[in-house]
Structure formats: C-alpha cells, structure tokens
Amino acid sequence: MTARAIPVVVLAGFLGAGKTTLLNHVLRHADGRRIGVLVNDFGSINIDLLLVSGQSGGTMDLANGCMCCTTDAGDFAETLESMADPNNGLDAILIEASGIAEPKALVRMVLAARSATVAYGGLVYVVDAANFDATVADYPQLDDHLAIADLVVCNKMEMVAAELVPPLLTRIRRHNASAPVLPVSHAAVDPELFFEPAAQIANDDGPRQLTFDELLRETAEAHGDNDHKDHDHEEHDHGDHDHLHHGFDSVALEVALPVDPRRLGRFLEQPPAGAYRIKGTVFVDLPDHRDIAYIIQSVGGFVRVEGDSWRGRTRGTSVVVIGAGLDTAAAQAALDGIVEPADSDDVNGVLHLTRHLITGS
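Note on numbering: residues in each chain are counted from 1, in written sequence order. Residues qualify for local features only when their pLDDT is at least 70, as the model is predicted, and side-chain atom pairs are given and counted only at 80 or more; totals for whole chains, interfaces and linings, by contrast, use all residues. To get the side-chain values, take all heavy atoms of the structure and skip hydrogens and water.

The chain carries the name GTP-binding protein in an unreviewed UniProt entry, which gives Gordonia hydrophobica as its organism. Quoted straight from UniProt, the Catalytic activity (unreviewed entry) entry for the chain says "GTP + H2O = GDP + phosphate + H(+)". UniProt positions are given in the numbering used here, feature names are shortened, and annotations may be inferred rather than shown by experiment.

Shown next, in the form of structure tokens:
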C-alpha cells in the first residue's frame, strides 16, 4: 500500500474574521482524528478548551491527541515533512502563519513542499460577514486573496439580517465565482472537509478516518436517505457534530464500472462551481492499468493521484464531490459522465490521469 499523504490546509483571513475560532472549533471536534497545527508562535492560537499535555522544543502536544509546531519560512518544508512522518499519525495539518501576510505566498510554499507524504489541502479564507463591505473598502487586497481561495467561509452570519444574506453572498461570489461560499456562525465548519478518507483500515479498534463506504453513507444521510443508516452509526455520540453537515452539498458515484481517464482528468482539473474537494478510488480498464486502484484527490483543481493495489477492495469506481452552493444536478451529471465508455482510439487518454501520479506511488 502507498503511504497516505497528509492534506495541508492553509487558513487565512483578515484580523477578526474568525480564523482562531475556526481553528479551535476544528480541534475541539477532531472526533478521534489527530491534527497538526503549524504557526509562528503558540500564543496566536489561543487553544482555550484543549489542555496541553506536553511540550518539547518547537512542538506542543494537546490532550486530545493533536499537536502544534512552530516554524519560520526558512524551515517550512522541513517542518511539514517532519509533521507528516507516519509515526506522528496525523490526519491533517492546518496552517495559520501570523508572520506571512499574503495567502498566495503561503500557498506557493505548500505547493513547493508537496511530496509523497504532503499534499495541498486547499486555501480556506475566512471573511467577516458583518463587516465584509467595510473590509473590502479598507483593504483592496482582499480581492486578490478571495480570488485564489478554494473555500470561502463567510463567518458571523448571526450578525447579518436575513434579507441581507443573498445580496451579501452574491457580492462575495463576484470575487471568486468558482469557490464554494459557506455561510456559518461562530466559525462552525464541519472538520470532515479537511480530512482524506483512508483507503484501507489497519486497525478497526482505534481512531480512524471514514472509509469511502462510510463517507458515501453519510452523504446519503445528509440528503435524507434513511435507508443508508446503520445501527452503529446512530448509536455513536457525535455531540453537536451532526448538525455541522448543514450548509454542505455533495454528490457521489459508486459503480462497478471503469472511468474514461481523459474525462476524469478534465473533471478533476476543472471541478464544478462550488466544489471544494473531490476524492475517491477509480478503475481504469486499460492494459497495464487494470490492476491499479487509482486514488484521486482534487482541491480547487490541484490534482493528486496515487496508485495502489485492489487487494481488500471491490474493483470499481467510488467518488465523492463535496462543496457549498453546488448545482447538484449539473455536478452529478458531470460526475456520472466520467464512466461513459472510453474512446478506444484515445490511446493517450490515460495520460490525463497518470500525469498527476505521485512519484513512487
């Protein structure tokens, strides 16, 4: 099995928008997952509900199993690789670097650090809904920041009158027409957006990520399909986690059919408007590819493909698209289109998938 890459999510936004609140929210709702946080200094995080269990050098361990590290621009890539070491068991790394004002520069650093163990997990940009227009007027650079966001979290919606919400979201989307815009209060974002489901489960007794089957079931539950619920899931106490799915749209595909790699590559590189994450495992029915389970990931058009064995899996195609403000009918049609019969004369079509293959997979 290939080593699982850790998604590195960049968290940005103007002072007071709610970045720290969002960060604390994700840590509090880790639900057994292990999260790494990368900052310039621990004081900027203000971890108010998680007790520190130990600290050594530039690393701070938290009582819920998460960890924090300090870094600067000089050792950025080295620190990411160190955090992504499989021995640390991290499920995601979140970055809030107070010393780097430009999100674009930080995103470039993450992209430059990509490797077999580190993957770009997207730029999440937090805006203050109650003061959005004033912030844009005072800080014109917000245009550039929003334009490159993979997910826009519109925070403090409880402070906006209901009749003002639609025009506010329209104004925000003018800065970025393709990224999902998620209206929330108190920065209550579903942490599931930041994790990649594990392709295999090594230990069913310990904390783990969702399998694709479980992710698909939760997608069905979010759409009100009670037939997909199971007893164990209903008995699991998520606290207030369940309501966090509100505001997200998702479409899913699970078929025992191969994909057309050219269409799949286009779908991953140019995802439907409002899509934040695309993830899944696909089957390519071509010579030299039939025995490879291709694990696909896409965030904002940044694509990652890993090759693995079908051992322990059911050969077929399972893909989930998650976002906010998706035209779900159009997104589903586009997703269904990746399994249309491939052009038998398209001998180079598979290159549209394999060009994103991580070296060593």
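Once you've had a look at it, read on.
Engineer: Help me out: how do you make sense of the packing of aromatic side chains in this one?
Structural biologist: Think of a pair of aromatic rings as described by two things: how far the centres are apart, and how the planes are tilted against each other in angle. Only centres within 6.5 Å qualify two rings of Phe, Tyr or Trp (six-membered ring in Trp) as a pair; their planes then separate them into stacked at under 30 degrees, edge-to-face at over 60, and tilted for everything else. Applying the stated criterion to the full structure yields three aromatic pairs. With a centroid separation of 4.7 Å and 35° between ring planes, the pair formed by F14 and Y139 is classed as tilted. With F14 in the loop between β1 (6-13) and α1 (19-28) and Y139 in the loop between α4 (132-138) and α5 (142-147), this residue pair connects regions lying 125 residues apart in the sequence. Overall, F14 belongs to the buried group, its relative accessible area being 17%. Judged by centre distance (5.0 Å) and plane angle (75°), the ring pair of Y120 and F302 falls under edge-to-face. Strands here mean DSSP runs of E at least two residues long; helices mean DSSP runs of H or I at least four residues long; both are numbered from the N terminus. Only protein chains enter the accessibility calculation, which uses a 1.4 Å probe; a residue whose area is less than 20% of its type maximum is buried, one above 50% is exposed, and one in between is partly exposed.

Engineer: Where do I start with the nonpolar core in this structure?
Structural biologist: Burial of nonpolar side chains together is a common tendency in soluble globular proteins. Buried residues of nine kinds, namely Ala, Val, Leu, Ile, Met, Phe, Trp, Tyr and Cys, make up a nonpolar core once their side-chain atoms join them within 4.5 Å. Within the largest apolar cluster, 38 residues are counted, with the highest numbers of intra-cluster contacts made by L80, I95 and C154. Counting residues per element, the ones that place at least two in this core are β1, α2 (76-83), β6 (92-96), α3 (103-112), β7 (118-128), α5, β8 (151-155) and α6 (165-175). Broken down by element, this core gets its largest block of residues, five residues, from β7. Whether two residues are in contact is decided by their heavy atoms, any of which lying within 4.5 Å being enough. Not counting chain neighbours up to four residues away, the residues in contact with I95 comprise V8, V9, V10, L11, L38, F76, L80, L106 and V110. Counting residues in each nonpolar core, the second largest holds 31 residues, with V126, A187, Y276 and V320 among its members.

Engineer: I tried to follow the sheet that holds strand β11 (residues 275-282) on my own but got confused; where do I start?
Structural biologist: Pairing between sheet strands relies on hydrogen bonds along the backbone, with the strands arranged either parallel or antiparallel. Ordered by their spatial adjacency, five strands build an open sheet running β10-β14-β11-β12-β13, and the pairing between neighbours is antiparallel. Across the chains shown, the open sheet's two edge strands, defined by having one partner strand only, are β10 (249-255) and β13 (302-309). Averaged over all adjacent pairs, the angle separating strand axes in this sheet is 10°, with direction ignored. On top of the sheet, helix α10 (residues 328-336) reaches β10 and β14 (317-323); it is set at about 25° to β10, its chief contact. For two strands to be treated as a pair, DSSP must find no fewer than two bridges joining them. Orientation is described by lines fitted to C-alpha atoms, with helices fitted over the stretch in contact, and by angles between N-to-C directions that extend from 0 to 180 degrees.

Engineer: Explain α1 here, please?
Structural biologist: A turn of α-helix holds 3.6 residues, and therefore any two residues three or four places apart point the same way. Buried residues dominate α1, accounting for seven of its ten residues. Residues of α1 that are buried: K19, L22, L23, N24, H25, V26 and L27.

Engineer: Got a minute to help me understand the pairing of β14 in this structure?
Structural biologist: Within a regular strand, side chains alternate between the sheet's two faces. The element β14 is extensively covered by neighbouring structure, given that seven of its seven residues are classed as buried. Of the two faces of β14, the one holding T317, V319, V321 and G323 and the one holding S318, V320 and I322 are both buried throughout. Across seven bridges, the pairing between β10 and β14 is antiparallel. Residue S250 lies in a different strand from β14, and its bridge partner there is I322. Inspection of the sheet shows β11 paired to β14 by six bridges, in the antiparallel sense. Residue I278 lies in a different strand from β14, and its bridge partner there is V321.

Engineer: Is there a simple way to explain the pattern of salt bridges in this structure?
Structural biologist: Once their charged atoms are close, side chains differing in charge can pair, the charge on each being opposite to the other. Only one rule defines a salt bridge in this text: a Lys or Arg side-chain nitrogen within 4 Å of an Asp or Glu carboxyl oxygen. Inspection of every chain in the model, using the stated rule, returns nine salt bridges. A salt bridge links R313 to D308; its shortest N-O distance comes to 3.5 Å. The pair formed by R313 and D308 is uniform in burial state, with each residue classed as buried.

Engineer: Sorry, what's going on with unusual backbone geometry here?
Structural biologist: Peptide bonds are mostly trans, and most non-glycine residues show a negative phi. Positive phi outside glycine occurs at H186, with the angle close to 55°. For H186, the position within the fold is in the loop between β9 (181-183) and α7 (212-222). Non-glycine residue D288 carries a positive phi angle of around 70°. With respect to the helices and strands, the residue D288 is situated in the loop between β11 and β12 (292-299).

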